Amino acid sequence: MTRSTYRFVDMTIGPDLDAEPYTARATCATCGEQSPQPTAEGPTGQHSQAQRWCRTHAAIDHPGGRHLHYTATITYGWLITPAEDIGPAAEYEPGG
Ligand SMILES: [Zn+2]
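Since we're looking at a predicted model, the values are computed, not measured. (Residues numbered from 1 in each chain as written. Predicted model: local features only at pLDDT ≥ 70, side-chain atom pairs only at ≥ 80, totals over all residues.)

1. Regarding the overall build of the protein chain
Phase 1: Looking only at helices and strands, the protein chain features 1 helix and 4 strands.
Phase 2: Beginning at the N terminus, the succession of helices and strands in the protein chain can be written as β-β-α-β-β.
Phase 3: Considered along the principal axes of its C-alpha atoms, the protein chain spans approximately 65 × 35 × 20 Å.
Phase 4: Counting only residues that meet the buried cut, the protein chain has 8% of its 96 residues in that class. (Helix = DSSP H or I, 4+ residues; strand = E, 2+ residues; numbered from the N terminus. Buried ≥ 20, exposed ≤ 12 C-beta atoms within 10 Å, placed from the backbone.)

2. Remarks on the UniProt feature "domain: DUF7848" (unreviewed entry) in the protein chain
Phase 1: Here the UniProt feature "domain: DUF7848" (unreviewed entry) sits at residues 1-84.
Phase 2: Between the end C-alpha atoms of residues 1-84 there is a gap of 29 Å, over a span that is 20% helix and 26% strand. (UniProt positions renumbered as here; feature names shortened; annotations may be inferred.)

3. Quick look at the pairing of strand S4 (residues 78-82)
Phase 1: Little of S4 sits inside the fold, with 0 of its 5 residues counted as buried.
Phase 2: Relative to S4, strand S1 (residues 11-15) runs antiparallel, the two being bridged by 5 bridges. Each bridged residue has a counterpart across the sheet, and for Met11 the counterpart in S4 is Pro82. (Pairing = 2+ DSSP bridges.)

4. Overview of the environment of Glu91
Phase 1: Relative to the helices and strands, Glu91 resides in the segment after S4.
Phase 2: The class for Glu91 is exposed, based on 6 C-beta atoms found within 10 Å.
Phase 3: Residues Glu91 and Gly14, 77 residues apart in the sequence, show an inter-C-alpha distance of 19 Å.

5. Topic: the environment of Thr27
Phase 1: The topology assignment puts Thr27 in strand S2 (residues 23-28).
Phase 2: On a C-alpha basis, the gap between Thr27 and Ala50 in space is 8.9 Å, while along the polypeptide they are 23 residues apart.
Phase 3: In contact with Thr27, other than residues within four places in its own chain, are Gly32, Gln34, Tyr70, Thr71 and Thr73. (Contact = placed C-beta atoms within 7 Å.)

6. A look at helix H1 (residues 43-59)
Phase 1: Look at H1: 24 Å from first C-alpha to last across 17 residues, which is about the 24 Å you get at 1.5 Å a residue.
Phase 2: Taken as a whole, H1 has its buried residues at Gln46, Ala50 and His57. Each buried residue of H1 lies within a common arc of 30 degrees when the element is viewed along its axis, so the set occupies one face. Turned more than 90 degrees from where H1 packs its buried face, Thr44, Arg52, Arg55, Thr56 and Ala59 sit exposed.
Phase 3: The secondary structure elements touched by the buried residues of H1 are S2 and strand S3 (70-75). (Expected span 1.5 Å × (residues − 1). Arc of directions from axis to C-beta.)

Shown next as structure tokens:
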């Protein structure tokens, strides 16, 4: 059995400016179709685009009936900043 010593290190978390940009998309829970990659910048415009796609998709007369259930997927990066050195960071590739 090995023994380890632990210590607490303060860490802050905030937006990761190196990560992929904020993205809001919708997925139809019935057929799995996904709204297109948003062209609007910012959450409000992207949410509007995704919701508009949901309404359009729900208006289609699908063979088995209307598709009324959707999942919203919001993607954005967070970055941890330790208050002191806790060792080297792993290599990071945005979107990878
Ligand atoms: Zn669908």
